[in-house]
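For reference, the chains in residue letters:
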Amino acid sequence: MYDITGYNEAKSLQDVFDLIKEDPKARLIAGGTDVLVKSRERKEGFVDAPLIGITRIPDLQDIYLDDDETLVIGSMNSFTDVETNPLVKEHAPLLSEAVALVGGPQTRNAGTIGGNVCNGATSADSAPTLFAYNAVLEIHSPNGVKNVPIAEFYKGAGWVDLEPGDILVKIKIAKADYEGYQGHYTKFAQRHALDIANLSCACLLKVENDVIEDLRVCFGVAAPTPIRMAKAEAYAKGKAISEETMAEIGKLCLEDTNTRNSWRASKEYRDHLVQILPGRNIMAAIGEA
Amino acid sequence: MEKVIHFTLNDEPVSCRVDVRKSLLEMLRTDFGLTGTKEGCGVGECGACTVGVDKETVDSCIYLAVWVDGKVVTTIEGVTNPDGTLSDVQDAFVKAGAVQCGFCIPGMVVSSEQFLEDNPDPSREEIRRALSGNMCRCTGYQKIVDAVEIAAEGRKVK
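Residue numbering note: each chain is counted from 1, following its sequence as written. Numbering of ligands from 1 and lettering of chains from A proceed in the order in which they are written. Per-residue local features of the predicted model are confined to residues with pLDDT of at least 70, and side-chain atom pairs are confined, for both listing and counting, to 80 or more; whole-chain, interface and lining totals are unaffected and use all residues.

**Considerations on the domain arrangement of chain A**
How big an interface is tends to be reported as the loss of accessible area on association of its parts.
Residues and elements named next belong to chain A.
Reasoning step 1: A domain assignment, automatic or from a database, supplies the domain bounds used here. Looking at chain A, the domain boundaries give domain 1 (6–53), domain 2 (58–177) and domain 3 (180–285).
Reasoning step 2: A C-alpha centroid distance of 21 Å is found between domain 2 and domain 3.
Reasoning step 3: Listed by partner, the interface residues are 20 residues for domain 2 and 21 residues for domain 3.
Reasoning step 4: The secondary structure listing takes helices from DSSP runs of H or I that are at least 4 residues long and strands from runs of E that are at least 2 residues long, numbered from the N terminus. Elements that contribute at least two residues to the side of domain 2 that touches domain 3 include exactly α5 (93–99), α8 (127–132) and β8 (154–156).
Reasoning step 5: Sorting elements by how many residues they give to the side of domain 2 that touches domain 3 places α8 first, with five residues.
Reasoning step 6: For the side of domain 2 that touches domain 3, the per-class residue count stands at twelve nonpolar, six polar and two charged. Here the contact rule is simple: place C-beta atoms from the backbone, and any two residues whose C-beta atoms are within 7 Å are in contact. Put simply, Ala, Val, Leu, Ile, Met, Phe, Trp, Tyr, Cys and Pro go in the nonpolar bin, Asp, Glu, Lys and Arg in the charged bin, and everything else, Gly too, in the polar bin.

In C-alpha coordinates form, the structure reads like this:
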(Lines give C-alpha, C1' and ligand atoms only; values in the text may rest on other atoms or scores of the structure.)
Protein backbone atom coordinates (compact mmCIF):
# COMPACT_ATOMS: atom_id res chain seq x y z
CA MET A 1 0.00 0.00 0.00
CA TYR A 2 1.11 3.49 -0.73
CA ASP A 3 1.32 5.81 2.24
CA ILE A 4 -1.05 8.41 0.82
CA THR A 5 -3.92 9.99 2.71
CA GLY A 6 -6.49 10.02 -0.07
CA TYR A 7 -7.16 10.01 -3.78
CA ASN A 8 -9.41 12.15 -5.93
CA GLU A 9 -9.99 11.82 -9.64
CA ALA A 10 -10.24 15.29 -11.18
CA LYS A 11 -12.75 15.53 -14.02
CA SER A 12 -11.88 19.08 -15.04
CA LEU A 13 -9.24 21.74 -14.49
CA GLN A 14 -11.66 23.47 -12.11
CA ASP A 15 -11.76 20.23 -10.04
CA VAL A 16 -7.97 20.42 -9.72
CA PHE A 17 -8.07 24.06 -8.60
CA ASP A 18 -10.81 23.33 -6.04
CA LEU A 19 -9.05 20.26 -4.64
CA ILE A 20 -5.72 22.09 -4.30
CA LYS A 21 -7.47 24.97 -2.56
CA GLU A 22 -8.99 22.51 -0.11
CA ASP A 23 -5.62 20.91 0.59
CA PRO A 24 -2.49 22.67 -0.73
CA LYS A 25 -0.44 19.59 0.27
CA ALA A 26 -2.23 17.48 -2.34
CA ARG A 27 -0.02 16.30 -5.19
CA LEU A 28 -0.98 15.86 -8.83
CA ILE A 29 -0.38 12.41 -10.26
CA ALA A 30 -0.39 11.54 -13.96
CA GLY A 31 0.76 8.06 -15.07
CA GLY A 32 2.36 7.38 -11.69
CA THR A 33 5.61 5.97 -13.07
CA ASP A 34 7.62 8.58 -11.14
CA VAL A 35 5.24 9.68 -8.36
CA LEU A 36 4.43 6.15 -7.13
CA VAL A 37 8.09 5.09 -7.28
CA LYS A 38 9.00 8.10 -5.13
CA SER A 39 6.10 7.35 -2.82
CA ARG A 40 7.39 3.82 -2.36
CA GLU A 41 10.83 5.27 -1.57
CA ARG A 42 9.06 7.46 1.03
CA LYS A 43 10.43 10.66 -0.47
CA GLU A 44 9.33 13.83 1.25
CA GLY A 45 6.23 15.30 -0.37
CA PHE A 46 5.24 11.95 -1.86
CA VAL A 47 3.91 10.30 1.31
CA ASP A 48 1.41 11.44 3.90
CA ALA A 49 -0.45 13.58 1.36
CA PRO A 50 -3.47 13.02 -0.87
CA LEU A 51 -3.12 12.55 -4.61
CA ILE A 52 -5.17 14.14 -7.37
CA GLY A 53 -5.46 12.07 -10.55
CA ILE A 54 -5.49 14.16 -13.71
CA THR A 55 -5.31 11.64 -16.56
CA ARG A 56 -9.07 11.74 -17.23
CA ILE A 57 -9.37 15.52 -17.70
CA PRO A 58 -10.59 16.05 -21.30
CA ASP A 59 -8.61 19.32 -21.80
CA LEU A 60 -5.32 17.44 -21.45
CA GLN A 61 -5.88 14.74 -24.08
CA ASP A 62 -5.73 15.97 -27.65
CA ILE A 63 -2.89 16.21 -30.14
CA TYR A 64 -3.67 18.64 -32.97
CA LEU A 65 -2.43 21.41 -35.24
CA ASP A 66 -3.57 24.88 -34.21
CA ASP A 67 -4.83 27.53 -36.69
CA ASP A 68 -1.26 28.75 -37.19
CA GLU A 69 -0.07 25.11 -37.50
CA THR A 70 1.47 25.04 -34.05
CA LEU A 71 1.73 21.40 -32.96
CA VAL A 72 -0.21 21.11 -29.70
CA ILE A 73 0.24 18.06 -27.46
CA GLY A 74 -2.06 17.60 -24.48
CA SER A 75 0.03 16.92 -21.38
CA MET A 76 -1.69 13.64 -20.50
CA ASN A 77 -0.76 11.81 -23.67
CA SER A 78 1.25 8.72 -22.84
CA PHE A 79 4.68 8.20 -24.36
CA THR A 80 3.07 5.54 -26.56
CA ASP A 81 0.42 8.06 -27.72
CA VAL A 82 3.12 10.60 -28.61
CA GLU A 83 5.35 8.00 -30.28
CA THR A 84 2.59 6.70 -32.54
CA ASN A 85 0.65 9.90 -33.24
CA PRO A 86 0.61 10.69 -37.01
CA LEU A 87 0.87 14.48 -36.47
CA VAL A 88 3.88 14.11 -34.18
CA LYS A 89 5.51 11.68 -36.62
CA GLU A 90 4.96 14.08 -39.51
CA HIS A 91 5.94 17.37 -37.90
CA ALA A 92 8.15 16.51 -34.92
CA PRO A 93 9.52 13.04 -35.74
CA LEU A 94 12.45 13.52 -33.37
CA LEU A 95 10.04 13.69 -30.44
CA SER A 96 8.39 10.45 -31.55
CA GLU A 97 11.83 8.80 -31.71
CA ALA A 98 12.92 10.16 -28.34
CA VAL A 99 9.89 9.05 -26.34
CA ALA A 100 10.15 5.58 -27.93
CA LEU A 101 13.33 5.15 -25.84
CA VAL A 102 11.69 5.73 -22.45
CA GLY A 103 11.83 2.71 -20.08
CA GLY A 104 9.93 -0.23 -21.54
CA PRO A 105 6.51 -0.63 -23.17
CA GLN A 106 4.69 -0.73 -19.81
CA THR A 107 6.27 2.55 -18.69
CA ARG A 108 5.52 4.16 -22.05
CA ASN A 109 1.87 3.05 -21.87
CA ALA A 110 1.30 4.54 -18.42
CA GLY A 111 3.77 7.44 -18.24
CA THR A 112 2.82 10.76 -19.79
CA ILE A 113 4.82 13.41 -21.60
CA GLY A 114 3.49 16.09 -19.24
CA GLY A 115 4.54 14.06 -16.22
CA ASN A 116 7.97 13.54 -17.74
CA VAL A 117 8.46 17.30 -18.09
CA CYS A 118 6.98 18.27 -14.70
CA ASN A 119 9.06 15.64 -12.88
CA GLY A 120 11.99 17.94 -13.67
CA ALA A 121 14.66 15.28 -14.19
CA THR A 122 17.64 16.24 -16.34
CA SER A 123 17.53 12.70 -17.73
CA ALA A 124 13.92 12.93 -18.99
CA ASP A 125 13.93 11.42 -22.48
CA SER A 126 11.41 13.90 -23.85
CA ALA A 127 13.29 16.95 -22.57
CA PRO A 128 16.34 17.44 -24.85
CA THR A 129 14.13 17.10 -27.91
CA LEU A 130 11.48 19.48 -26.55
CA PHE A 131 14.27 21.98 -25.77
CA ALA A 132 15.56 21.65 -29.33
CA TYR A 133 12.06 22.29 -30.71
CA ASN A 134 11.75 25.39 -28.46
CA ALA A 135 8.60 23.93 -26.93
CA VAL A 136 6.34 26.28 -25.01
CA LEU A 137 4.42 25.01 -22.00
CA GLU A 138 0.88 26.25 -21.43
CA ILE A 139 0.26 26.25 -17.70
CA HIS A 140 -3.14 26.93 -16.18
CA SER A 141 -3.88 28.06 -12.63
CA PRO A 142 -6.83 29.68 -10.83
CA ASN A 143 -5.19 33.02 -11.72
CA GLY A 144 -5.11 32.40 -15.45
CA VAL A 145 -2.91 30.98 -18.18
CA LYS A 146 0.83 31.44 -18.71
CA ASN A 147 3.05 30.29 -21.55
CA VAL A 148 6.54 29.34 -20.45
CA PRO A 149 9.39 28.44 -22.83
CA ILE A 150 10.66 25.03 -21.70
CA ALA A 151 14.21 26.31 -21.10
CA GLU A 152 12.82 28.72 -18.47
CA PHE A 153 10.57 26.04 -16.95
CA TYR A 154 13.46 23.92 -15.65
CA LYS A 155 14.89 25.70 -12.58
CA GLY A 156 17.19 23.06 -11.12
CA ALA A 157 17.47 19.34 -10.43
CA GLY A 158 13.89 18.13 -9.95
CA TRP A 159 12.74 21.75 -9.66
CA VAL A 160 10.39 23.29 -12.21
CA ASP A 161 8.41 26.51 -12.49
CA LEU A 162 5.18 25.20 -10.94
CA GLU A 163 3.32 26.60 -7.94
CA PRO A 164 0.61 24.70 -6.06
CA GLY A 165 -2.48 24.98 -8.25
CA ASP A 166 -0.51 25.17 -11.50
CA ILE A 167 -1.11 22.45 -14.04
CA LEU A 168 0.64 21.83 -17.36
CA VAL A 169 -2.11 21.60 -19.97
CA LYS A 170 -0.41 21.77 -23.36
CA ILE A 171 3.02 21.42 -24.89
CA LYS A 172 3.27 23.57 -28.02
CA ILE A 173 5.78 23.58 -30.86
CA ALA A 174 5.50 26.49 -33.32
CA LYS A 175 5.64 25.82 -37.06
CA ALA A 176 8.86 27.84 -37.43
CA ASP A 177 10.47 25.54 -34.85
CA TYR A 178 9.72 22.25 -36.61
CA GLU A 179 9.37 23.04 -40.30
CA GLY A 180 12.43 22.12 -42.36
CA TYR A 181 14.40 20.65 -39.45
CA GLN A 182 15.90 17.21 -39.36
CA GLY A 183 17.35 15.68 -36.26
CA HIS A 184 18.65 12.79 -34.24
CA TYR A 185 18.46 11.85 -30.57
CA THR A 186 20.93 9.64 -28.73
CA LYS A 187 20.13 8.12 -25.39
CA PHE A 188 23.49 6.87 -24.21
CA ALA A 189 22.82 4.24 -21.58
CA GLN A 190 24.05 0.84 -20.38
CA ARG A 191 20.99 -1.02 -21.62
CA HIS A 192 18.75 -0.54 -24.64
CA ALA A 193 15.62 -0.55 -22.46
CA LEU A 194 14.55 0.03 -18.86
CA ASP A 195 17.46 2.34 -18.25
CA ILE A 196 18.18 5.98 -17.56
CA ALA A 197 20.61 7.87 -19.77
CA ASN A 198 24.25 8.33 -18.76
CA LEU A 199 24.03 11.24 -21.14
CA SER A 200 21.48 12.15 -23.78
CA CYS A 201 21.75 14.50 -26.72
CA ALA A 202 19.22 15.88 -29.18
CA CYS A 203 20.30 17.69 -32.33
CA LEU A 204 17.99 19.49 -34.74
CA LEU A 205 19.34 21.20 -37.81
CA LYS A 206 18.60 22.83 -41.11
CA VAL A 207 21.12 22.08 -43.82
CA GLU A 208 21.47 23.53 -47.31
CA ASN A 209 24.16 22.17 -49.67
CA ASP A 210 26.14 20.69 -46.78
CA VAL A 211 26.16 24.02 -44.95
CA ILE A 212 24.51 24.29 -41.54
CA GLU A 213 21.84 26.99 -41.63
CA ASP A 214 20.69 26.44 -38.09
CA LEU A 215 21.70 24.02 -35.36
CA ARG A 216 20.14 23.26 -32.01
CA VAL A 217 21.89 21.00 -29.53
CA CYS A 218 20.49 20.02 -26.16
CA PHE A 219 21.96 17.63 -23.61
CA GLY A 220 20.32 15.73 -20.79
CA VAL A 221 22.38 14.74 -17.72
CA ALA A 222 25.14 17.20 -18.69
CA ALA A 223 23.95 19.72 -16.07
CA PRO A 224 21.29 19.83 -13.29
CA THR A 225 18.72 20.57 -16.01
CA PRO A 226 18.58 19.77 -19.72
CA ILE A 227 20.69 22.45 -21.38
CA ARG A 228 21.05 24.03 -24.83
CA MET A 229 24.51 24.67 -26.24
CA ALA A 230 24.48 28.39 -27.05
CA LYS A 231 28.17 28.64 -28.03
CA ALA A 232 28.23 25.61 -30.29
CA GLU A 233 24.95 26.62 -31.93
CA ALA A 234 26.21 30.14 -32.67
CA TYR A 235 29.47 28.77 -34.06
CA ALA A 236 27.79 26.23 -36.34
CA LYS A 237 25.70 28.73 -38.30
CA GLY A 238 27.05 28.96 -41.86
CA LYS A 239 29.71 26.29 -41.35
CA ALA A 240 30.20 23.49 -43.85
CA ILE A 241 29.66 19.99 -42.48
CA SER A 242 33.13 18.54 -41.96
CA GLU A 243 35.09 16.62 -39.38
CA GLU A 244 36.68 19.87 -38.20
CA THR A 245 33.29 21.54 -37.74
CA MET A 246 32.03 18.54 -35.75
CA ALA A 247 35.13 18.55 -33.55
CA GLU A 248 34.81 22.27 -32.87
CA ILE A 249 31.11 21.90 -32.02
CA GLY A 250 32.04 19.16 -29.55
CA LYS A 251 34.75 21.30 -27.98
CA LEU A 252 32.43 24.30 -27.61
CA CYS A 253 29.75 22.11 -25.99
CA LEU A 254 32.19 21.39 -23.20
CA GLU A 255 32.18 25.11 -22.36
CA ASP A 256 28.42 25.12 -21.74
CA THR A 257 27.98 21.79 -19.95
CA ASN A 258 28.50 21.07 -16.27
CA THR A 259 28.75 17.30 -15.97
CA ARG A 260 29.11 15.34 -12.76
CA ASN A 261 30.38 12.08 -11.38
CA SER A 262 27.71 9.56 -10.50
CA TRP A 263 27.51 5.80 -10.19
CA ARG A 264 26.17 5.70 -13.74
CA ALA A 265 29.19 7.37 -15.33
CA SER A 266 32.24 9.42 -14.42
CA LYS A 267 32.58 13.10 -15.24
CA GLU A 268 35.44 12.25 -17.62
CA TYR A 269 33.28 9.76 -19.50
CA ARG A 270 30.41 12.23 -19.74
CA ASP A 271 32.74 14.98 -20.97
CA HIS A 272 33.99 12.63 -23.65
CA LEU A 273 30.41 11.94 -24.75
CA VAL A 274 29.61 15.67 -24.72
CA GLN A 275 32.28 16.14 -27.37
CA ILE A 276 31.37 13.28 -29.68
CA LEU A 277 27.58 12.88 -29.50
CA PRO A 278 26.63 16.14 -31.29
CA GLY A 279 28.79 15.26 -34.30
CA ARG A 280 27.41 11.73 -34.41
CA ASN A 281 23.85 13.04 -34.16
CA ILE A 282 24.39 15.59 -36.91
CA MET A 283 25.79 12.96 -39.27
CA ALA A 284 22.92 10.61 -38.40
CA ALA A 285 20.38 13.39 -38.95
CA ILE A 286 21.65 14.07 -42.48
CA GLY A 287 21.78 10.34 -43.17
CA GLU A 288 25.55 9.90 -43.25
CA ALA A 289 26.08 7.73 -40.21
CA MET B 1 -10.38 6.00 2.27
CA GLU B 2 -12.20 3.56 0.02
CA LYS B 3 -13.77 3.88 -3.37
CA VAL B 4 -16.25 1.73 -5.25
CA ILE B 5 -15.04 0.84 -8.73
CA HIS B 6 -16.52 -1.10 -11.63
CA PHE B 7 -14.39 -2.74 -14.29
CA THR B 8 -14.09 -5.77 -16.52
CA LEU B 9 -11.73 -8.43 -15.18
CA ASN B 10 -10.81 -11.25 -17.54
CA ASP B 11 -14.04 -10.81 -19.54
CA GLU B 12 -16.25 -10.60 -16.45
CA PRO B 13 -17.84 -7.36 -15.19
CA VAL B 14 -16.92 -6.84 -11.53
CA SER B 15 -17.46 -4.21 -8.85
CA CYS B 16 -15.58 -3.80 -5.61
CA ARG B 17 -14.83 -1.42 -2.79
CA VAL B 18 -11.10 -0.80 -2.71
CA ASP B 19 -8.68 1.11 -0.48
CA VAL B 20 -7.37 4.02 -2.59
CA ARG B 21 -3.86 3.33 -1.30
CA LYS B 22 -3.69 -0.06 -3.00
CA SER B 23 -1.83 -0.79 -6.19
CA LEU B 24 -3.62 -2.72 -8.90
CA LEU B 25 -1.23 -5.60 -8.16
CA GLU B 26 -2.26 -5.72 -4.49
CA MET B 27 -5.95 -5.60 -5.38
CA LEU B 28 -5.65 -8.41 -7.93
CA ARG B 29 -3.70 -10.67 -5.59
CA THR B 30 -5.44 -9.99 -2.26
CA ASP B 31 -9.01 -8.95 -3.14
CA PHE B 32 -9.47 -11.19 -6.18
CA GLY B 33 -7.07 -14.02 -5.32
CA LEU B 34 -5.44 -13.77 -8.75
CA THR B 35 -1.93 -14.65 -7.65
CA GLY B 36 -0.61 -15.42 -11.14
CA THR B 37 0.51 -11.79 -11.38
CA LYS B 38 3.81 -11.52 -9.52
CA GLU B 39 5.53 -8.76 -7.60
CA GLY B 40 9.19 -8.49 -8.53
CA CYS B 41 10.88 -5.13 -8.08
CA GLY B 42 7.83 -3.11 -7.01
CA VAL B 43 9.04 -0.02 -8.89
CA GLY B 44 8.10 -0.71 -12.50
CA GLU B 45 11.43 -2.03 -13.71
CA CYS B 46 11.06 -5.81 -14.04
CA GLY B 47 7.62 -6.38 -15.62
CA ALA B 48 6.73 -9.44 -13.48
CA CYS B 49 3.46 -7.67 -12.55
CA THR B 50 2.47 -6.88 -16.15
CA VAL B 51 -1.27 -6.90 -16.85
CA GLY B 52 -3.34 -5.58 -19.76
CA VAL B 53 -5.44 -2.46 -19.16
CA ASP B 54 -7.61 -1.40 -22.10
CA LYS B 55 -5.44 -3.42 -24.47
CA GLU B 56 -2.15 -1.90 -23.32
CA THR B 57 0.31 -3.50 -20.92
CA VAL B 58 1.14 -1.73 -17.65
CA ASP B 59 3.17 -2.55 -14.55
CA SER B 60 0.42 -3.16 -12.01
CA CYS B 61 2.78 -2.48 -9.06
CA ILE B 62 2.96 1.22 -9.92
CA TYR B 63 -0.63 1.56 -11.08
CA LEU B 64 -3.28 2.56 -8.56
CA ALA B 65 -6.13 0.07 -8.21
CA VAL B 66 -8.76 2.85 -8.53
CA TRP B 67 -7.40 3.71 -11.97
CA VAL B 68 -9.03 0.64 -13.54
CA ASP B 69 -12.50 2.07 -12.84
CA GLY B 70 -14.41 1.71 -16.12
CA LYS B 71 -11.57 -0.16 -17.83
CA VAL B 72 -10.88 -3.66 -19.13
CA VAL B 73 -8.24 -5.65 -17.25
CA THR B 74 -6.57 -8.86 -18.42
CA THR B 75 -4.33 -10.91 -16.17
CA ILE B 76 -2.47 -14.16 -16.81
CA GLU B 77 -5.55 -16.02 -15.51
CA GLY B 78 -7.55 -14.45 -18.35
CA VAL B 79 -5.00 -15.56 -20.94
CA THR B 80 -5.47 -19.25 -20.16
CA ASN B 81 -8.29 -20.89 -22.10
CA PRO B 82 -11.66 -21.02 -20.26
CA ASP B 83 -11.40 -24.84 -19.97
CA GLY B 84 -8.08 -24.47 -18.15
CA THR B 85 -5.87 -25.59 -21.03
CA LEU B 86 -2.90 -23.49 -22.06
CA SER B 87 -3.31 -20.69 -24.58
CA ASP B 88 -1.27 -20.97 -27.76
CA VAL B 89 1.31 -18.53 -26.38
CA GLN B 90 1.63 -20.45 -23.12
CA ASP B 91 1.94 -23.70 -25.06
CA ALA B 92 4.65 -22.15 -27.24
CA PHE B 93 6.59 -21.14 -24.10
CA VAL B 94 6.50 -24.81 -23.00
CA LYS B 95 7.45 -26.10 -26.47
CA ALA B 96 10.37 -23.66 -26.77
CA GLY B 97 11.65 -24.50 -23.28
CA ALA B 98 11.37 -20.81 -22.44
CA VAL B 99 10.64 -21.32 -18.75
CA GLN B 100 13.24 -21.85 -16.06
CA CYS B 101 12.30 -20.54 -12.60
CA GLY B 102 9.08 -19.21 -14.06
CA PHE B 103 8.65 -16.07 -11.97
CA CYS B 104 8.78 -13.67 -14.94
CA ILE B 105 6.65 -15.84 -17.19
CA PRO B 106 3.14 -14.53 -16.36
CA GLY B 107 4.35 -11.03 -17.26
CA MET B 108 6.16 -12.32 -20.34
CA VAL B 109 3.04 -14.12 -21.54
CA VAL B 110 0.72 -11.14 -20.93
CA SER B 111 3.14 -8.87 -22.83
CA SER B 112 3.45 -11.44 -25.64
CA GLU B 113 -0.32 -11.92 -25.96
CA GLN B 114 -0.97 -8.19 -26.23
CA PHE B 115 1.92 -7.74 -28.64
CA LEU B 116 0.76 -10.51 -30.98
CA GLU B 117 -2.72 -9.03 -30.98
CA ASP B 118 -1.25 -5.67 -32.09
CA ASN B 119 1.35 -7.16 -34.42
CA PRO B 120 0.50 -10.65 -35.73
CA ASP B 121 3.56 -10.89 -38.01
CA PRO B 122 6.50 -9.64 -35.99
CA SER B 123 10.23 -9.72 -36.68
CA ARG B 124 12.59 -11.03 -34.02
CA GLU B 125 13.73 -7.49 -33.37
CA GLU B 126 10.14 -6.32 -32.84
CA ILE B 127 9.56 -9.19 -30.39
CA ARG B 128 12.64 -8.18 -28.43
CA ARG B 129 11.45 -4.59 -28.21
CA ALA B 130 7.94 -5.69 -27.21
CA LEU B 131 9.38 -7.74 -24.34
CA SER B 132 11.98 -5.16 -23.34
CA GLY B 133 9.91 -4.20 -20.29
CA ASN B 134 10.05 -7.75 -18.93
CA MET B 135 13.20 -8.98 -17.25
CA CYS B 136 14.20 -12.63 -17.00
CA ARG B 137 17.20 -13.46 -14.83
CA CYS B 138 17.43 -17.13 -15.85
CA THR B 139 17.16 -17.68 -19.54
CA GLY B 140 19.01 -15.12 -21.58
CA TYR B 141 15.78 -14.47 -23.51
CA GLN B 142 16.54 -16.45 -26.69
CA LYS B 143 14.00 -19.18 -26.03
CA ILE B 144 11.42 -16.66 -24.88
CA VAL B 145 11.74 -14.86 -28.21
CA ASP B 146 11.62 -18.29 -29.93
CA ALA B 147 8.35 -18.99 -28.11
CA VAL B 148 6.71 -15.81 -29.37
CA GLU B 149 7.88 -16.66 -32.89
CA ILE B 150 6.35 -20.15 -32.58
CA ALA B 151 3.06 -18.67 -31.36
CA ALA B 152 3.00 -16.15 -34.22
CA GLU B 153 3.67 -18.91 -36.77
CA GLY B 154 0.94 -21.07 -35.23
CA ARG B 155 -1.63 -18.30 -35.58
CA LYS B 156 -0.72 -17.81 -39.25
CA VAL B 157 -1.36 -21.51 -39.97
CA LYS B 158 -4.82 -21.19 -38.39
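**Quick word on the sheet that holds strand β13 (residues 211–220) of chain A**
Residue and element names in this part refer to chain A.
Reasoning step 1: One requirement defines pairing of two strands: DSSP has to find at least two bridges between them. The strand order β11-β12-β13-β14 describes an open sheet built from four strands, whose pairing is antiparallel. Each having just a single partner strand, β11 (182–188) and β14 (227–228) make up the two edges of the open sheet.
Reasoning step 2: Bridging between β11 and strand β12 (residues 199–208) involves seven bridges; their strand directions are antiparallel. In the strand pairing of β12, glycine 183 is matched with leucine 204.

**What about helix α1 (residues 13–22) of chain A?**
Residue and element names in this part refer to chain A.
Reasoning step 1: Buried, partly exposed and exposed are defined by the number of other C-beta atoms within 10 Å of a residue's own C-beta, namely 20 or more, between the two limits, and 12 or fewer respectively, with C-beta atoms placed from the backbone. Where α1 is concerned, the buried positions are Val16, Leu19 and Ile20. On an axial view of α1, the arc spanned by its buried residues comes to 100°, and they lie on one face. Exposed positions of α1 whose direction lies more than 90 degrees from the buried face are Gln14, Lys21 and Glu22.
Reasoning step 2: Next to the buried residues of α1 lie β1 (6–9), β3 (50–53) and β10 (167–173). Think of it as the arc spanned by the lines of direction from the helix axis to the C-beta atoms.

**Remarks on the interface of chain A and chain B**
Reasoning step 1: Counting residues at the interface gives 21 residues for chain A, matched by 24 residues for chain B.
Reasoning step 2: The set of elements that each furnish at least two residues to the side of chain A that touches chain B consists of β1, α2 (35–40) and α6 (105–110) of chain A.
Reasoning step 3: Considering every element that reaches the side of chain A that touches chain B, the biggest residue donor is α6 of chain A, with five residues.
Reasoning step 4: Classifying every residue of the side of chain A that touches chain B by side-chain character gives ten nonpolar, ten polar and one charged.

**Examining unusual backbone geometry**
Reasoning step 1: Even without being glycine, glutamate 69 of chain A reaches a positive phi, approximately 65°.
Reasoning step 2: Considering the arrangement of structural elements, one finds glutamate 69 of chain A in the loop between β4 (63–65) and β5 (71–74).
Reasoning step 3: The backbone of asparagine 10 of chain B sits at a positive phi, close to 50°, despite the residue not being glycine.
Reasoning step 4: Among the secondary structure elements, asparagine 10 of chain B is positioned in the loop between β1 (2–9) and β2 (12–19).
Reasoning step 5: The partly exposed category is assigned to asparagine 10 of chain B, around which 19 C-beta atoms lie within 10 Å.

**Section: the packing of helix α4 (residues 105–118) of chain B against helix α6 (residues 142–157) of chain B**
Residues and elements named next belong to chain B.
Reasoning step 1: Only the stretch in contact is used when fitting a helix axis, every axis being a line fitted to C-alpha atoms; angles between N-to-C directions are given from 0 to 180 degrees. It is at 11 Å that the axes of α4 and α6 come closest, and there the two elements cross at 40°. The orientation of α4 with respect to α6, classified from their angle, is oblique. For α4 against α6, the interelement crossing comes out right-handed. Here Met108, Ser112 and Leu116 of α4 lie close against α6, whose contacting residues are Ile144, Val148, Ala151, Ala152 and Arg155.
Reasoning step 2: Residues of the contact of α4 with α6, tallied by class, amount to six nonpolar, one polar and one charged. Any angle between 65 and 115 degrees counts as roughly perpendicular, while under 35 counts as roughly parallel, over 145 as roughly antiparallel, and the rest as oblique. Take the far helix as your reference; a near helix turned counterclockwise from it by less than a right angle gives a left-handed crossing, and one turned clockwise gives a right-handed crossing.

**Some words on the sheet that holds β10 of chain A**
Residues and elements named next belong to chain A.
Reasoning step 1: If you trace the five strands from one edge of the open sheet to the other, you get β4-β5-β10-β6-β7, paired in antiparallel fashion. Each end of this open sheet is capped by a strand with a single partner; those strands are β4 and β7 (144–149). For this sheet, the mean inter-axis angle between neighbouring strands, taken without regard to orientation, is 25°.
Reasoning step 2: In the sheet, β5 pairs with β10 via four bridges, with the strands oriented antiparallel. Residue pairing for β10: leucine 71 is matched across the bridge by isoleucine 173.

**Some points on the packing of helix α12 (residues 243–256) of chain A against helix α13 (residues 267–285) of chain A**
Packed helix pairs are characterised by how far apart their axes lie and by the angle those axes make with each other.
All names here are of chain A.
Reasoning step 1: Where α12 meets α13, the closest approach of the two axes is 8 Å, and the angle between their N-to-C directions is 140°. Put simply, α12 runs oblique to α13. Here the hand of the crossing between α12 and α13 comes out right-handed. Across the interface between the two elements, Met246, Ile249, Gly250, Lys251, Cys253 and Leu254 from α12 touch Asp271, Val274, Gln275, Ile276, Pro278, Gly279 and Ile282 from α13.
Reasoning step 2: Taken together, the residues that form the contact of α12 with α13 break down as eight nonpolar, three polar and two charged.

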